[in-house]
Amino acid sequence: MQQVKQLSVITTKNDLSVEYFKYIDGIKTQIFNYDDLAGIKNAMVADAIYFRDPFVVDYDMGKLNEAMLTLEKFNGYRIDNTHTLEDLFFEDKWRQFQVFSNFMPESWLLSDYYGNGSVIIKKRISSRARDILFDKSAIDANKYSEYIVQAMLNISKEYRVYVIKGKIVSTVSVKNSKTESQAVKVDHVEPISPELELFCEQVMSKLPGLDFVGLDVAEVDGSLVLIEANRAPQFKKFAQLTNTNLAEQLIKSINL
């Protein structure tokens, strides 16, 4: 076995964590944007390739597909086993509910929801808690299929838990929750509790094959609930608070 020496990262200009991949001892890293098709061809020389989350910006399906097709014949290590455009759409919250229904709050497509009461409306594919709404009237009826609906949760605490190659990182970020007047942000870090670790192990048992995941988990009325799972998560604030480079841990954990 040998370790990665050359890494290619395909990402976007809004990837807040990409800098942490540039300075890993013993690793030569190239960074390309999804719309840089000419540059992406050079990614073929790497030992490993990492398609980061493309949904932190307004994405172009055609350009995403072209980027994937440009590297279709890459035969090195593919972080998260990403081979096709379909693999990037792990971020779709409705698809996630089909996998994690035992762990997530009850969810419906907005186009199929006719209930009443306090709900939260989320775009199926978004990033950093963008496109979270509380009023159905703010959405064009023709776009209802792009959103899911969940009951409003009584969240007492919200965590971001990182998992690298199936191993749960022992320190977790604690976040404030999204409200109509408050954005989501990391407040502090703390050691993971045995209960939270066990819950995340159960969630990850549904996700074989992913190398780096960020699990958003909430305490709700004394129980733990999965809000969503993030492939290629952001971790800049975690790195600042802990002086820990999760990018380095990820790449150094890969054996070829």
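Before reading further, recall that the structure is shown in the block above.
We now turn to the structure provided with this report. Predicted model only: the values in this text are computed from it and were never measured.

Describing the overall build of the protein
No. 1: Across its full length, the protein holds seven helices and 14 strands.
No. 2: Scaling as 2.2 N^0.38, a compact globule of 256 residues should have a C-alpha radius of gyration of about 18 Å, and the protein matches this with 18 Å.
No. 3: Counting only C-alpha atoms and orienting by the principal axes, one finds that the protein spans roughly 55 × 45 × 30 Å.
No. 4: Summarising the internal contacts of the protein: among those between residues at least 6 apart in sequence, 64% fall at separations of at least 24.
No. 5: Averaging the locations of the 30 positively and 35 negatively charged side chains of the protein gives two centres separated by 5 Å.

Looking at the nonpolar core
No. 1: Residues F100, V161, L196, L207, L215 and L226 are the most contacted members of the largest nonpolar core, which totals 24 residues.
No. 2: Of all the elements in the fold, those that place two or more residues in this core are α4 (93–100), β9 (155–164), β11 (171–175), α5 (194–204), β13 (212–220) and β14 (223–231).
No. 3: Broken down by element, this core gets its largest block of residues, five residues, from α5.
No. 4: In contact with V161, not counting residues within four places along its chain, are I168, V172, I192, L196, C200, V213, G214 and L215.
No. 5: Counting 22 residues, the second largest nonpolar core, distinct from the first, contains Y50, F235, L246 and L250.

Things to note about unusual backbone geometry
No. 1: The backbone of K165 shows a phi angle near 50°, a positive value even though the residue is not glycine.
No. 2: Following the sequence through the fold, K165 ends up in the loop between β9 and β10 (167–168).
No. 3: Taking the relative accessible area as the measure of exposure, K165 reaches 37% and is therefore partly exposed.
No. 4: Non-glycine residue D221 carries a positive phi angle of around 50°.
No. 5: Mapping D221 onto the fold places it in the loop between β13 and β14.

A look at the sheet that holds strand β4 (residues 77–78)
No. 1: Sheet architecture is open: four strands sit in the order β2-β1-β3-β4, paired in parallel fashion. Each of the sheet's edge strands pairs with one partner strand only, and the pair in question is β2 (28–33) and β4.
No. 2: The sheet contact formed by strand β1 (residues 6–11) and β2 spans six bridges and is parallel. Opposite V9, over in β2, you have I31 as the bridge partner.

Observations regarding the pattern of salt bridges
No. 1: Counted by the stated rule, this structure contains 14 salt bridges.
No. 2: Between R52 and D15 there is a salt bridge, with its nearest N and O atoms 2.9 Å apart. Separated by 37 residues along the polypeptide, R52 in the loop between β3 (48–51) and α2 (61–70) and D15 in the loop between β1 and β2 bring together distant segments of the chain. Residue R52 shares its accessibility class with D15, and that shared class is buried.
No. 3: Among the salt bridges present, the one from E228 reaches K93, with a minimum N-O distance of 4.0 Å. Of the two residues, E228 is situated in strand β14 and K93 in helix α4; the sequence distance between them amounts to 135 residues. Both residues of the pair, E228 and K93, belong to the buried class.

Some words on the sheet that holds strand β8 (residues 147–151)
No. 1: In space, the four strands of this open sheet follow the order β5-β8-β6-β7, with antiparallel pairing throughout. Pairing within the sheet leaves two strands with one partner each, and these edge strands are β5 (107–109) and β7 (132–133).
No. 2: Sheet analysis places strand β6 (residues 119–123) next to β8, joined by five bridges and oriented antiparallel. If you follow K122 over to β8, its bridge partner there is I148.
No. 3: Sheet strands in contact with α4 are β5, β6 and β8, and its direction is about 140° off that of β5.

Scoring rules and cut-offs
Residues numbered from 1 in each chain as written. Predicted model: local features only at pLDDT ≥ 70, side-chain atom pairs only at ≥ 80, totals over all residues. Heavy atoms only, no water. Helix = DSSP H or I, 4+ residues; strand = E, 2+ residues; numbered from the N terminus. Rg over C-alpha atoms; globule rule 2.2 N^0.38 Å. Contact = heavy atoms within 4.5 Å. Lys, Arg positive; Asp, Glu negative; His and termini not counted. Charge placed at Lys NZ, Arg CZ, Asp CG, Glu CD. Core = buried A, V, L, I, M, F, W, Y, C linked by side-chain atoms within 4.5 Å. Buried < 20%, exposed > 50% of the residue type's maximum accessible area, 1.4 Å probe, protein only. Pairing = 2+ DSSP bridges. Salt bridge = Lys/Arg side-chain N within 4 Å of Asp/Glu carboxyl O. Axes fitted to C-alpha atoms, helices over the stretch in contact; angles between N-to-C directions.

Scope: geometric values only; no functional claims are made or implied.
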